Amino acid sequence: MSKRLGYTVPVPARAYGDALSALSNRERFAEAEEIGKKMVQQDPKNTWALSALAQIAAKQKDDARAIGYSTQVLQLYPGSSQARATLVKYNVDVDKIVPTLELSPKAVTPYVGEYRFQDEVTKVSFEKDKLIAISSFGKCELRALTQSKFYCVDIEVALQFNQDKHGRVVGVTFKWADHDEEYKKVK
């Protein structure tokens, strides 16, 4: 297609992903790994490709590479239960890779409320000593990376709570892999 159009047309990630999955399922690991590496070269933050590379390495009993790829996933996406499980399997202390900050209920109370972005509403609540976000993408536990930055467990998103000049929480920024969304606190 690039030749016909006269300029480089990148291979869509979906096409790479389908090929990687098919090759991995057929235990053609070298070819699958080559495609995974191309995906990461095209997008270094592609946690799906990094996770696939970790699985391929684990299937080949290459513990060091499985740990390395899983570590990269966890650094990019601290909520990845798959990366955490892989690292725990290899006796790696995930808290050394992504330390979670323990905040008191008093410290997280200002974050509780309702936030709106266009027609989307997210509710943040404090349940059973945990900060919880509920939205159309599901319900997830929020864990603190800093005083105001959190990650969702099992959902690939980070949240940065925003304050005004008086220190009041006025919104939250959802940081997805490919874009950000600014939610305003409405309640």
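The following paragraphs examine the structure supplied in this document. Note that this is a predicted model, so its numbers are computed, not measured. (Residues numbered from 1 in each chain as written. Predicted model: local features only at pLDDT ≥ 70, side-chain atom pairs only at ≥ 80, totals over all residues. Heavy atoms only, no water.)

1. Considering the pairing of strand β7 (residues 169-175)
Item 1. Among the seven residues of β7, five are classified as buried, and the element is accordingly described as predominantly covered.
Item 2. Relative to β7, strand β6 (residues 158-163) runs antiparallel, the two being bridged by six bridges. Bridge pairing in β7 links Gln-163 to Val-169.
Item 3. Counted between consecutive antiparallel strands, the loop separating β6 from β7 contains five residues, among which Gly-167 sits at a positive phi close to 90°.
Item 4. Taken together, the five bridges between β7 and strand β8 (residues 180-185) define a ladder with antiparallel strand orientation. Within β8, the residue paired with Gly-171 across the bridge is Lys-184. (Buried < 20%, exposed > 50% of the residue type's maximum accessible area, 1.4 Å probe, protein only. Helix = DSSP H or I, 4+ residues; strand = E, 2+ residues; numbered from the N terminus. Pairing = 2+ DSSP bridges.)

2. Some words on the environment of Gln-118
Item 1. Relative to the helices and strands, Gln-118 resides in the loop between β1 (113-117) and β2 (120-127).
Item 2. Gln-118 gets classed as exposed once you look at its relative accessible area, which sits at 65%.
Item 3. Along the backbone, Gln-118 and Met-39 are 79 residues apart, and their C-alpha atoms lie at a distance of 32 Å.

3. What about the packing of helix α4 (residues 47-59) against helix α5 (residues 63-76)?
Item 1. One way to put it is that α4 packs onto α5 with a least axis distance of 8 Å and a crossing angle of 160°. With respect to their mutual orientation, α4 and α5 come out roughly antiparallel. Seen from above, α4 lies across α5 with left-handed handedness. In this structure, α4 uses Thr-47, Leu-50, Ser-51, Leu-53, Ala-54, Ala-57 and Ala-58 to contact α5, whose residues at the interface are Arg-65, Ala-66, Tyr-69, Ser-70, Gln-72, Val-73 and Leu-76.
Item 2. Split into classes, the residues belonging to the contact of α4 with α5 amount to nine nonpolar, four polar and one charged. (Axes fitted to C-alpha atoms, helices over the stretch in contact; angles between N-to-C directions. Parallel < 35°, antiparallel > 145°, perpendicular 65-115°, else oblique. Left-handed = near helix turned anticlockwise from the far one by under 90°. Contact = heavy atoms within 4.5 Å. Nonpolar A, V, L, I, M, F, W, Y, C, P; charged D, E, K, R; others polar.)

4. Quick look at the side chain of Thr-71
Item 1. Within the secondary structure, Thr-71 is located in helix α5.
Item 2. On the basis of relative accessible area, Thr-71 is assigned to the buried category, the value being 16%.

5. Observations regarding the nonpolar core
Item 1. Within the largest apolar cluster, 23 residues are counted, with the highest numbers of intra-cluster contacts made by Leu-20, Ile-35, Met-39 and Leu-74.
Item 2. For this core, the elements supplying multiple residues, two or more each, are α2 (13-25), α3 (29-42), α4, α5 and α6 (81-89).
Item 3. Take this core: its biggest share by element is six residues, from α4.
Item 4. In this structure, Leu-74 is in contact with Ser-80, Ala-83, Arg-84, Leu-87, Val-94, Ile-97 and Val-98, ignoring residues within four places of it in sequence.
Item 5. Membership of the second largest hydrophobic core comes to 19 residues, among which are Leu-142, Ala-144, Phe-150 and Cys-152. (Core = buried A, V, L, I, M, F, W, Y, C linked by side-chain atoms within 4.5 Å.)

6. Observations regarding the sheet that holds β2
Item 1. Judged by pairing direction, the barrel is antiparallel, and its eight strands sit side by side in the order β1-β2-β3-β4-β5-β6-β7-β8 before closing back on the first. Taking the axes of each pair of neighbouring strands and ignoring which way they run, one obtains an average angle of 30° across the sheet.
Item 2. Pairing of β2 with strand β3 (residues 130-135), which is carried by five bridges, proceeds in the antiparallel orientation. Bridge pairing in β3 links Ser-125 to Ile-132.

7. Points about the environment of Ala-85
Item 1. Relative to the helices and strands, Ala-85 resides in helix α6.
Item 2. The class for Ala-85 is partly exposed, based on a relative accessible area of 48%.
Item 3. Sequence spacing of Ala-85 and Gly-167 is 82 residues, and the spatial spacing of their C-alpha atoms is 37 Å.

8. Some remarks on unusual backbone geometry
Item 1. The backbone of Asn-91 shows a phi angle near 60°, a positive value even though the residue is not glycine.
Item 2. Topologically, Asn-91 is positioned in the loop between α6 and α7 (94-97).
Item 3. Residue classification places Asn-91 among the exposed residues on the basis of a relative accessible area of 73%.
Item 4. Phi is positive for Lys-128, which is not a glycine, with a value near 50°.
Item 5. Within the secondary structure layout, Lys-128 lies in the loop between β2 and β3.
Item 6. In this structure Lys-128 comes out as exposed when scored by relative accessible area, which is 79%.

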